[in-house]
Amino acid sequence: MACGSTYLWRGEATWFCCGNAWGPCGSHGGGACGTCRSSANHGAWPNASAACWDITRPDLCGEGNIPRRGCGSVMNVRHQCTGATVCITITDCGPRTKSFCGEAACCNGQCRTNRILDLTPAAYSAIGSLSSGKLPVWIYE
Amino acid sequence: MSPNRNTPDAPEGRELHRRRFLSAAALGGATIVGASALGGLDADAAFAAPSPSLDPAIAKTSFAEGRVAGINGSMLEVAGSHGEFHRVQLTNATSIWKLHPTTADAVEPGDGLYARGVEMPDGSIAADAVWVNIVNLHCTIRGIGRDRLELAHNNHAVVGRVVKGTTAASYHGSALSSDLSRLRIGQDAQVLGAWRPKDDSIDIARVSVGR
Amino acid sequence: MLSLLRDLAPLALGALLAWSGAVKLAGRAPERRVAGTALERLANGVERATVALRAVGAAELLVAAALLTAPAVAGPAGAVWSGTAAALLGAAFTGYLVHGRVTAPDSSCGCTARGDEPIGPRAFARAGLVVVGGAASAVAAGPWWETVWRHPVAATALLAGCGAVAAVLFADLDRRLLLALRRLRLRVFGHPLEGAPKVVPVEASVELLERSLAWEAAAPVVRSGLRDHWDEDGWRFLRYTGTHGTDRNARRVSVLFALDVHADLDTASRPAVRVAVLDEETGEPVTDALEDVTARTALPIVT
């Protein structure tokens, strides 16, 4: 999998579930791309398509330049605090950036602001603990 | 399940001694304060910083998802949601989360789980961490009661139970707090909690609300 | 009363279908509306489902136009045909709902503007209303405008009643009212979650730890999530397990952190955290565990 080192974006990452699943996750389905699975290293990007943008509206939080990366895009996600890295494929649209404008995740005073990436449990747990709901990340491709 | 089994706040006998020993050891350890190592770097420097060992690119860790189909001693038999099958080995170094940090006897057949660990030669996964019934949902708050939040997730109604002493709230990115009185009806909220298979509700660990 | 309702059915149903059809045909982001619906599964994809949604919207608009104008254009026969077409449309909706309920019970119907709740009684009531309204229109005694002209007050009252029923069934007005009432109750009787003791939750300490330099230093050793926690003498202790060393020389270790029990991210952005790494078997401190990390970057460690 081509997981590059060219800087793409930075911000806050959260996690979500998709694909066949248990509990309240059961209604999510395969996501905007139809292939999303909780057990794979997948992610949701707020500018996966024009329709996706209408839902997430990162521009309302000052993230208007966030680039379009559609289904199948590959990203290298790096935990700002620990440097742990995971390579993911975009398979869904999200998170709803506009609902949490200005929210920050920090490492020792260095903060990354705004939710700009949702990771599946597999991807999120590779770089952090699921019981902590958000992480500051750098994203490369 | 009694609440005490889930909360490690009431130790007895040997465990109490062990905690005292560990407390003394922790207080005798190094004190670390100061500026961030990675946070202050620019994007290229942050990427160039060496990776720690917990790096999935090296494929050291495995991941399992599914529902507990059976429990065989400390081995969990897990039916994956896409038809796969996992055997997840709990060890005395495995952390188990089920609303709180808890122990293996809190895991029940029918529970959903995510497990991270190392794949063994026999195909089982020796778990480092297991999160039981954990969900992290984007919801809208539809109602507030003394012991519950009425939530809508993907327009499905979900009951979120407020667990005294556990449920915490974060407002607009503030630190998690035990003060839940600033939650409002109509707010968008991220709810992290433990799903209860018996009644399909959620025990809330944390709720984060935006502006 | 019933005859009045029957004769006004073409107007009420026509207006309803015109609104519903216009929303489907010209609404923004149709992909969003069909995502997760039974239509998406039936059409086997979002793109085809979007086309199907537009087609249904166009059909609704056609039937609406026929209901509203047929008596003038084609006389009583036109009224029968337009009413029958509306009833058939309602029957088709019902068939779609039954199919969706059987094959994809968790999906929504995608029927109206906010139709992303699962297929339930409300969806069936909506389809049933279209069937009944269509049948009534087919047997209407005369053009609806003559009825309005003859009984202006009764017709207005009846149409207002129909509007209220439609608002509940199609626009979830009752739920909006319920939310407003719940908000009012909180305002009048106070917030039910007021008065919780102000303590720093364990989750807040964990959050503070995970954003600290101490966590950065210990992260390569830590393998587990939080295993145990306890408070003692103003300290909060957090215990993890991990591995130190590589392959053959790997030792299982406990990683212990101690933080001020009152500190959280708002009060201590750069917390002082005490860290100790202990061999799990011997209980002896592993002194070089954190040094591995300090070689990574220049971390100031004060002992």
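Values in this document were obtained by computation on a predicted structure and should not be read as measured data.

1. Describing the interface of chain B and chain C
The partner chain C presents 65 residues to the 64 residues of chain B that form the contact. Here chain B and chain C share an interface that buries about 5,700 Å² over both sides, 56% of which is from carbon and sulfur atoms. Three residues stand out in chain B for area buried against chain C, namely Leu-27, Ile-32 and Ile-185 of chain B, and they jointly supply 12% of the buried area on that side. At the surface where chain B touches chain C, the tally comes to 4 salt bridges. Looking at the side of chain B that touches chain C, the element that brings in the most residues is helix α2 (residues 13-27) of chain B, giving 10 residues. Classifying every residue of the side of chain B that touches chain C by side-chain character gives 30 nonpolar, 21 polar and 13 charged. Strand direction decides the pairing type here: strand β1 (residues 30-32) of chain B and strand β4 (residues 273-279) of chain C, joined by 3 bridges, are antiparallel. Considered in β4 of chain C, the bridge of Thr-31 of chain B is made with Arg-274 of chain C.

2. Regarding the packing of helix α1 (residues 2-26) of chain C against helix α4 (residues 46-103) of chain C
Residue and element names in this part refer to chain C. Remark: α1 packs on α4, axes separated minimally by 7 Å, with the N-to-C direction vectors making an angle of 155 degrees. Taken as axis vectors, α1 and α4 run roughly antiparallel relative to one another. Handedness of the α1/α4 crossing: left-handed. Of the residues in the contact of α1 with α4, the class split is 19 nonpolar, 4 polar and 3 charged.

3. Topic: the nonpolar core
Membership of the largest hydrophobic core comes to 62 residues, with the highest contact counts inside it found for Trp-45, Ile-88, Leu-117 and Leu-119 of chain A together with Tyr-114 and Leu-183 of chain B. Looking at this core, the element that brings in the most residues is strand β9 (residues 134-144) of chain B, giving 6 residues. Taken together, domain 1 (58-132) and domain 2 (134-209) of chain B each give at least three residues to this core, which thus spans both. Within the second largest apolar cluster, 27 residues are counted, among which are Ala-30 and Ile-32 of chain B together with Leu-213 and Ala-289 of chain C.

4. What to know about the environment of Asp-179 of chain B
Examined against the element boundaries, Asp-179 of chain B turns out to sit in the loop between β12 (168-171) and β13 (188-196). Owing to a relative accessible area of 12%, Asp-179 of chain B belongs among the buried residues under this scheme. As a C-alpha pair, Asp-179 of chain B and Tyr-114 of chain B span 65 residues in sequence and 29 Å in three-dimensional space. Other than its neighbours up to four places away in sequence, Asp-179 of chain B contacts Ala-169 and Tyr-171 of chain B together with Lys-198 of chain C. Looking at Asp-179 of chain B, its side chain comes within polar contact range of the side chain of Ser-181 of chain B, at 2.7 Å.

5. Quick notes on the state of the cysteines
All names here are of chain A. Per the counting criterion, the structure on display carries 7 disulfides over all chains. Between the sulfur atoms of Cys-52 and its disulfide partner Cys-93 the distance amounts to 2.1 Å. The chirality of the disulfide connecting Cys-52 with Cys-93 is right-handed, given an S-S dihedral of about 90 degrees. One end of the pair, Cys-52, is in helix α1 (residues 50-56); the other, Cys-93, is in strand β4 (residues 85-93), with 41 residues separating them in the sequence. Exposure class is identical for Cys-52 and Cys-93. Each is buried.

6. Notes on the domain arrangement of chain B
Residues and elements named next belong to chain B. The assigned domain composition of chain B is domain 1 (58-132) and domain 2 (134-209). Computed from C-alpha atoms alone, the centre-to-centre distance between domain 1 and domain 2 is 26 Å. Contacts between the two partners involve 11 residues from domain 1 and, on the opposite side, 11 residues from domain 2. When domain 1 packs against domain 2, the two sides together hide about 760 Å² of surface, and 73% of this comes from carbon and sulfur. If you look at where domain 1 meets domain 2, you find 0 salt bridges. At the surface where domain 1 touches domain 2, the tally comes to 1 residue pair in polar contact (both at pLDDT 80 or more).

7. With respect to a nonpolar patch on the surface
Residue and element names in this part refer to chain C. On the surface, Leu-181, Leu-184, Val-188 and Phe-189 cluster together into a nonpolar patch covering about 470 Å² of accessible area. Relative to the helices and strands, Leu-184 resides in helix α8 (residues 173-189). Among the residues examined, Leu-184 registers a relative accessible area of 47% and is labelled partly exposed.

8. A short note on the pairing of strand β3 (residues 74-79) of chain A
All names here are of chain A. Counting buried residues along β3, 5 of its 6 residues qualify, which places the element largely inside the surrounding structure. Of the strand pairs in this sheet, β3 and β4 are connected by 5 bridges, and their pairing is antiparallel. Note that in β4 the partner of Arg-78 across the bridge is Thr-85. Taking the residues between adjacent antiparallel strands as the criterion, β3 and β4 are bridged by 5 residues, where Gly-83 takes a positive phi near 80 degrees.

9. Things to note about the environment of Asn-72 of chain B
All names here are of chain B. You can see Asn-72 is positioned in strand β2 (residues 62-72). Relative accessible area serves as the criterion here: at 52%, Asn-72 is assigned to the exposed category. Sequence separation between Asn-72 and Gln-89 is 17 residues, and the spatial gap between their C-alpha atoms is 9.5 Å.

10. Things to note about the environment of Pro-197 of chain C
Residue and element names in this part refer to chain C. Among the secondary structure elements, Pro-197 is positioned in the loop between α8 and α9 (202-210). When its relative accessible area of 62% is taken as the criterion, Pro-197 is described as exposed. Spatially, the C-alpha atom of Pro-197 lies 38 Å from that of Leu-173, the residues being 24 residues apart in sequence.

11. Concerning the packing of α1 of chain C against helix α5 (residues 121-138) of chain C
All names here are of chain C. Between α1 and α5, the shortest axis-to-axis distance is 7 Å and the interhelical angle comes to 125 degrees. What the angle tells us is that α1 and α5 run oblique. Of the two elements, α1 crosses α5, and the hand of that crossing is left-handed. The residues of α5 that touch α1, namely those facing Arg-6, Ala-9, Pro-10 and Leu-13, are Val-130, Gly-133, Gly-134, Ala-136 and Ser-137.

12. Describing the packing of aromatic side chains
Tallied over the entire structure, the rule returns 11 aromatic pairs over all chains. Seen from their ring centres, Tyr-7 of chain A and Tyr-140 of chain A are 6.4 Å apart, and the 75 degrees between their planes marks the pair as edge-to-face. You can see Tyr-7 of chain A sitting in strand β1 (residues 7-15) and its partner Tyr-140 of chain A sitting in strand β8 (residues 134-140), a full 133 residues away along the chain. Residue classification places Tyr-7 of chain A among the partly exposed positions, given a relative accessible area of 31%. Both rings, one in Tyr-240 of chain C and one in Phe-257 of chain C, keep their centres 5.7 Å apart while their planes meet at 85 degrees; by these two values the pair is edge-to-face. On the criterion of sequence distance, the pair formed by Tyr-240 of chain C in strand β2 (residues 235-244) and Phe-257 of chain C in strand β3 (residues 251-260) is long-range, its members being 17 residues apart. Here Tyr-240 of chain C and Phe-257 of chain C have matching classes, each one buried. Every member of this aromatic cluster is reached through a ring pair, and the members are Trp-15 and Trp-22 of chain A together with Phe-63, Tyr-114 and Trp-195 of chain B. The cationic tip of Arg-112 of chain A hangs over the ring face of Trp-138 of chain A; the distance from NZ or CZ to the ring centre is 5.0 Å. The ring of Tyr-171 of chain B is capped by Arg-182 of chain B, whose NZ or CZ atom sits 4.2 Å from the centre of that ring.

Cut-offs used in this document
Residues numbered from 1 in each chain as written. Chains lettered and ligands numbered in written order. Predicted model: local features only at pLDDT ≥ 70, side-chain atom pairs only at ≥ 80, totals over all residues. Heavy atoms only, no water. Contact = heavy atoms within 4.5 Å. Buried area = accessible area lost by both parts, 1.4 Å probe. Salt bridge = Lys/Arg side-chain N within 4 Å of Asp/Glu carboxyl O. Helix = DSSP H or I, 4+ residues; strand = E, 2+ residues; numbered from the N terminus. Nonpolar A, V, L, I, M, F, W, Y, C, P; charged D, E, K, R; others polar. Pairing = 2+ DSSP bridges. Axes fitted to C-alpha atoms, helices over the stretch in contact; angles between N-to-C directions. Parallel < 35°, antiparallel > 145°, perpendicular 65-115°, else oblique. Left-handed = near helix turned anticlockwise from the far one by under 90°. Core = buried A, V, L, I, M, F, W, Y, C linked by side-chain atoms within 4.5 Å. Buried < 20%, exposed > 50% of the residue type's maximum accessible area, 1.4 Å probe, protein only. Domains from an automatic or database assignment. Polar contact = N/O pair within 3.5 Å; in protein donor to acceptor, adjacent residues only side chain to side chain. Disulfide = S-S within 2.5 Å. Patch = residues over 30% accessible without salt bridge, like charges linked within 9 Å, V, L, I, M, F, W, Y side chains within 5 Å. Areas by Shrake-Rupley, 256 points an atom, 1.4 Å probe, with all protein chains shown as cover. Phe/Tyr/Trp six-rings, centres within 6.5 Å; stacked < 30°, edge-to-face > 60°. Lys NZ or Arg CZ within 6 Å of the ring centre and 35° of its normal.

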